[in-house]
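Notes for the structure review
Read off the chains here:
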Amino acid sequence: MTIALVTGANQGLGRAIAAQLAERLGPDSTVYVSGRNADRVREAAAAIPGAVPLVLDVGSGESVAAAAAQVRERHGGIDLVVSNAAARRSADRSDADTVREFVNTNNLGATRMIRAFGPLLRSGGRFVIVASAFGSLRYLDPSLHDHFDTGTMTLADVDREMLAYAELVEAGKDKTAGWPDSINYPSKIGQVAAARVFARTDAAARNLFIGAVCPGLVDTEASRPWFTDMAQAQSPGEAAVDIVKILVDPVNPAFIGQLVQHGVVIGWEADSDAGPVQAKRR
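Residues numbered from 1 in each chain as written. Predicted model: local features only at pLDDT ≥ 70, side-chain atom pairs only at ≥ 80, totals over all residues. Heavy atoms only, no water.

Here Ser136 shows up in the loop between β5 (121–130) and α5 (155–171). Judged by its relative accessible area of 0%, Ser136 falls in the buried class. If near-sequence neighbours (up to four positions away) are discounted, Ser136 is found in contact with Ile189, Ile266, Gly267, Trp268 and Glu269. (Helix = DSSP H or I, 4+ residues; strand = E, 2+ residues; numbered from the N terminus. Buried < 20%, exposed > 50% of the residue type's maximum accessible area, 1.4 Å probe, protein only. Contact = heavy atoms within 4.5 Å.)

A separate point is the packing of aromatic side chains. When we look at a pair of aromatic rings, we describe it by the centre distance and by the angle of the planes. Considering all chains together, one arrives at six aromatic pairs under this definition. With a centroid separation of 5.5 Å and 45° between ring planes, the pair formed by Tyr139 and Tyr185 is classed as tilted. A residue pair is termed long-range when its members are at least 10 positions apart, and Tyr139 in the loop between β5 and α5 and Tyr185 in helix α6 (residues 184–206) qualify at 46 residues. (Phe/Tyr/Trp six-rings, centres within 6.5 Å; stacked < 30°, edge-to-face > 60°.)

By the secondary structure assignment, Thr98 is in helix α4 (residues 95–117). Overall, Thr98 belongs to the buried group, its relative accessible area being 2%. For Thr98, the contacting residues outside a window of four places in its chain are Arg88, Arg89, Arg93 and Ile183.

Another aspect to go through is the pairing of strand β1 (residues 3–6). With burial as the criterion, each face of β1 is covered, one bearing Ile3 and Leu5 and the other bearing Ala4 and Val6. When β1 meets strand β2 (residues 30–35), the two strands line up parallel, connected through four bridges. Each residue of the ladder has a partner; that of Ile3, found in β2, is Thr30. Chirality of the crossover, the property in question, places the unit of β1, helix α1 (residues 12–25) and β2 among those that are right-handed. In this sheet, strand β4 (residues 78–83) lies alongside β1 in parallel orientation, the contact comprising three bridges. Paired with Val6 across the two strands is Val82, which belongs to β4. (Pairing = 2+ DSSP bridges. Right-handed = clockwise from strand over helix to strand, strands pointing away.)

On to α5. With 17 residues, α5 extends 25 Å from end C-alpha to end C-alpha; this agrees with the ideal 24 Å at 1.5 Å per step. When we look at burial in α5, the residues that qualify are Leu155, Val158, Asp159, Met162, Tyr165, Ala166 and Val169. Buried residues of α5, seen end-on, are gathered within an arc of 130° and therefore sit on one face of the element. If you follow the buried residues of α5, they end up packed against α4 and α6. Note on α5: the residue one or two positions beyond its end, Gly172, has a positive phi of about 75°. (Expected span 1.5 Å × (residues − 1). Arc of directions from axis to C-beta.)

For the rest of this paragraph, the subject is the nonpolar core. Within the largest apolar cluster, 58 residues are counted, with the highest numbers of intra-cluster contacts made by Leu5, Leu56, Ile78, Met113, Phe117, Phe127 and Phe148. Contributing elements (two or more residues each) for this core: β1, α3 (61–75), β4, α4, β5, α5, α6 and β6 (209–214). The next biggest cluster of nonpolar side chains, apart from the first, holds 30 residues, and it includes Val6, Ala45, Val82 and Ile246. (Core = buried A, V, L, I, M, F, W, Y, C linked by side-chain atoms within 4.5 Å.)

So, about the sheet that holds strand β8 (residues 264–266). The strands making up a sheet are joined through hydrogen bonds of the backbone, oriented either antiparallel or parallel. Strand order in the open sheet formed by eight strands is β3-β2-β1-β4-β5-β6-β7-β8, with mixed pairing between adjacent strands. In this open sheet, the two strands that pair with only one neighbour each are β3 (51–55) and β8. Strand-to-strand, the axes of this sheet are offset by a mean angle of 25°, without reference to chain direction. Each of β5, β6 and β7 (259–261) touches α6; the most contacted strand, β5, lies at about 170° to it. Here helix α7 (residues 236–248) sits on the sheet in contact with β4, β5, β6 and β7, set at roughly 160° to β5. (Axes fitted to C-alpha atoms, helices over the stretch in contact; angles between N-to-C directions.)

To continue, consider the environment of Ala171. Structurally, Ala171 is set in helix α5. On the basis of relative accessible area, Ala171 is assigned to the partly exposed category, the value being 48%. For the pair Ala171 and Ala96, spaced 75 residues apart in sequence, the C-alpha to C-alpha distance is 7.6 Å.

Here we come to the confidence of the model for the protein chain. Taken over all residues, the pLDDT of the protein chain has a mean of 92, while the share at 70 or more is 91%. Predicted confidence for residues 274–282 stays below pLDDT 50, and this span has 40 contacts to residues more than four positions away or in other chains. (pLDDT = per-residue confidence, 0-100.)

Attention now moves to α1. Count 3.6 residues to each turn of an α-helix, and residues three or four apart come out pointing the same way. Helix length check: α1 (14 residues) gives 20 Å between terminal C-alpha atoms against 20 Å at 1.5 Å per residue, within 8%. For α1, the full list of buried residues reads Leu13, Gly14, Ala16, Ile17, Ala18, Gln20, Leu21 and Ala22. In this structure, the buried side of α1 is in contact with β1, β2, β4, β5 and α7. Immediately downstream of α1, the backbone of Gly26 shows phi near 90°, a positive value.

Turning to the environment of Ala116, a few remarks are in order. By the element assignment, Ala116 lies in helix α4. Residue Ala116 is classed as buried on the basis of its relative accessible area of 19%. The spacing of Ala116 and Arg93 is 23 residues in sequence and 32 Å in space, taken between C-alpha atoms. Those residues in contact with Ala116 that lie beyond four places of it in its chain are Val64 and Ala68.

So this is what it looks like as structure tokens:
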């Protein structure tokens with residue numbers, strides 16, 4: 001019996017991932033549809049055969065810990081975890097007003113999930129962070145690359161870097177320090193950095209698959225305000241296909257600790273092969 005959990009699964013891409021996982025895994029498995037709003041989570045789970053609602057706010061350490069405790073008590077462990085929940089940016093809010101919530105949800109939310117659910121992963125388990133093609137050092141000034149030395153840093157280091165970055169943005173000092181114009185780039189880099197650190201410490205030692213994935217451009221409420229032409233965008237169901245393959249199909253060892261888009265590794269280093277980078281997640 002396979003136990004799976006998807007965060008941010010009451011709508012859009014997360015809901016599509018949960019639905020396809022439930023279909024691929026079959027009736028003997030359990031797929032937790034999680035999100036902050038209990039009513040929306042129940043509604044989404046009711047529409048997916050084999051799904052179970054679970055209230056889980058990745059922005060709250062207490063909520064993540066409580067959800068992990070429930071899974072541990074019911075099943076003793078877990079097999080598949082998809083860290084998909086993400087805060088949205090809005091064109092009518094400045095980055096300075098947005099960055100704290102953005103980092104807390106997208107970055108600290110991912111590391112909270114790693115800390116709480118990582119220890120529950122059974123041998124052969126898989127943990128995937130949904131990020132974007134922007135999660136590469138090629139989008140960061142070379143002077144800042146040492147802030148994300150994933151060969152030596154810990155998850156705590158990743159958290160500290162992202163919180164320090166948020167403080168710079170709030171103070172209006174990020175641009176003079178060389179950071180990109182949009183908070184989306186550093187946040188995605190931080191997400192992939194967390195996956196790389198987790199993979200370095202746990203993947204081989206515990207027989208786990210750990211990585212990050214970019215679904216490409218997806219037609220969702222979060223994406224539409226940022227693009228004038230969505231003709232090439234995928235539906236959530238279309239975008240979920242590649243992610244579910246990584247979760248269910250035989251493991252490709254080359255994907256461990258990497259950012260993958262449409263079955264191709266997007267290089268972490270600035271001078272590595274970028275792979276397909278046509279699309280942004282949010």
